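# Overview (structure and organization)
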Amino acid sequence: PALLYRWSLKSTCWLYFPLVYLFTYPKKRQMDENEWGACLVTELHGGRSEWLRRGVALFVVAATAYLTVSPEKIIVIKESGTLLHAPSLLYLWAFDFFNLAPWQWLSLASALVTATVFILSDKTTIIWNHRKKQDEQAPPPKAQTQWLYHLTRLRSGCTILFAIMAFGYAVLALQRIDPETLPSWLAFLTYLYGPYIQL
């Protein structure tokens, strides 16, 4: 609490706090490495918060696909007469992912990492259950546990950057601020938000 209070007095708390979160190693809690690994794998495989993250990831993917569908491309595919006989990859032409904003790419990356965590945690749990048949005290595979930990840190980083960038966009858009009118030290925001803000 004392550190949180001290950081809250700093105008740069929004930057420091995510960094502190990302680089804090959970193993430093009062548990050994095997116990920490078991808790991590168990939580990532079937925890409620992880299932919530998977639901959010599905929503992000579905919303992105819906928002990036190109009616013009669908018309072209229909008029070509190959819609019913085309390979499934042809349908990807109806989506224009190159018009995504940078923060949308971060949300997609976070959703992709969530899917990867789901697959890897399932695989790790299968291996761990096989080991526990021979030794009930067997820990989960260390290599997979480390990968899961680093993936969760990567997902957190993508989510934090997405939140910061989306918040910046919301401030500029709602306040109807033209990025080109910002001071020179904020000129990078012109390139970041300029193409996506319609005043």
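Conventions we followed
- Residues numbered from 1 in each chain as written.
- Predicted model: local features only at pLDDT ≥ 70, side-chain atom pairs only at ≥ 80, totals over all residues.
- Heavy atoms only, no water.
- Helix = DSSP H or I, 4+ residues; strand = E, 2+ residues; numbered from the N terminus.
- Buried < 20%, exposed > 50% of the residue type's maximum accessible area, 1.4 Å probe, protein only.
- Contact = heavy atoms within 4.5 Å.
- Areas by Shrake-Rupley, 256 points an atom, 1.4 Å probe, with all protein chains shown as cover.
- Axes fitted to C-alpha atoms, helices over the stretch in contact; angles between N-to-C directions.
- Parallel < 35°, antiparallel > 145°, perpendicular 65-115°, else oblique.
- Left-handed = near helix turned anticlockwise from the far one by under 90°.
- Nonpolar A, V, L, I, M, F, W, Y, C, P; charged D, E, K, R; others polar.
- Core = buried A, V, L, I, M, F, W, Y, C linked by side-chain atoms within 4.5 Å.
- Salt bridge = Lys/Arg side-chain N within 4 Å of Asp/Glu carboxyl O.
- Expected span 1.5 Å × (residues − 1).
- pLDDT = per-residue confidence, 0-100.

## Some words on the overall build of the protein chain
Broken down by element type, the protein chain carries 8 helices and 0 strands. The helix and strand sequence of the protein chain, counted from the amino end, reads α-α-α-α-α-α-α-α. Buried residues in the protein chain amount to 31% of all 199 residues. A sequence separation of at least 24 residues applies to 68% of the contacts in the protein chain between residues at least 6 apart. With the model as given, the accessible surface of the protein chain reaches about 14,000 Å², and the carbon-plus-sulfur share is 67%.

## Concerning the packing of helix 3 (residues 33-46) against helix 4 (residues 48-67)
Interhelical geometry of helix 3 versus helix 4 gives an angle of 45° and a closest axis separation of 6 Å. Considered as vectors, helix 3 and helix 4 are oriented oblique to each other. Read as a crossing pair, helix 3 and helix 4 show a hand that is right-handed. In contact with Glu43, Leu44, His45 and Gly46 of helix 3, helix 4 contributes Arg48, Ser49, Glu50, Trp51 and Arg54. Residue classes in the contact of helix 3 with helix 4 are distributed as 2 nonpolar, 3 polar and 4 charged.

## A short note on the nonpolar core
Membership of the largest hydrophobic core is limited to 12 residues, which are Trp36, Ala38, Leu40, Val41, Leu44, Val113, Val117, Leu120, Trp128, Leu148, Tyr149 and Leu151. Ranked by residues supplied to this core, first place goes to helix 3 with 5 residues.

## With respect to the environment of arginine 155
Within the fold, arginine 155 resides in helix 7 (residues 142-174). The exposure class assigned to arginine 155 is buried, which follows from its relative accessible area of 6%. Remark: the alpha-carbon pair of arginine 155 and alanine 111, spanning 44 residues in sequence, is separated by 8.1 Å. Excluding its chain neighbours within four sequence positions, the residues that come into contact with arginine 155 are Leu44, Glu50, Arg53, Ser110, Val113 and Thr114.

## Focus on the pattern of salt bridges
A full pass over the atoms with the stated rule returns 2 salt bridges. What emerges from the salt-bridge pattern is a single network uniting Glu50, Arg53 and Arg155.

## Remarks on the packing of helix 3 against helix 7
One can describe the packing of helix 3 onto helix 7 by two numbers: an axis separation of 10 Å at closest approach and a directional angle of 60°. Judged by the inter-axis angle, helix 3 sits oblique to helix 7. Crossing geometry of helix 3 relative to helix 7 is assigned as left-handed. Touching Glu33, Trp36, Gly37, Leu40, Val41 and Leu44 of helix 3 are Lys142, Thr145, Gln146, Leu148, Tyr149, Thr152 and Arg155, all from helix 7.

## Focus: unusual backbone geometry
With a phi close to 55°, arginine 176 is a non-glycine residue in the positive phi region. Here arginine 176 shows up in the loop between helix 7 and helix 8 (188-193).

## Let's talk about helix 3
End to end, helix 3 covers 20 Å across 14 residues, agreeing with the expected 20 Å (1.5 Å per residue, within 8%). Turning to helix 3, its buried residues are Trp36, Gly37, Ala38, Leu40, Val41 and Leu44. Where helix 3 is buried, its residues meet helix 4, helix 6 (102-134) and helix 7.

## Things to note about the confidence of the model for the protein chain
Mean pLDDT over the protein chain stands at 80; residues scoring 70 or higher make up 72%. For the protein chain, helix 5 (residues 71-79) is the element with the lowest average pLDDT, namely 66, and helix 6 is the one with the highest, namely 92.

## So, the side chain of threonine 64
Tracing the backbone shows threonine 64 in helix 4. Discounting residues that sit within four places of it in the chain, threonine 64 has contacts with Phe97, Leu100 and Leu108.

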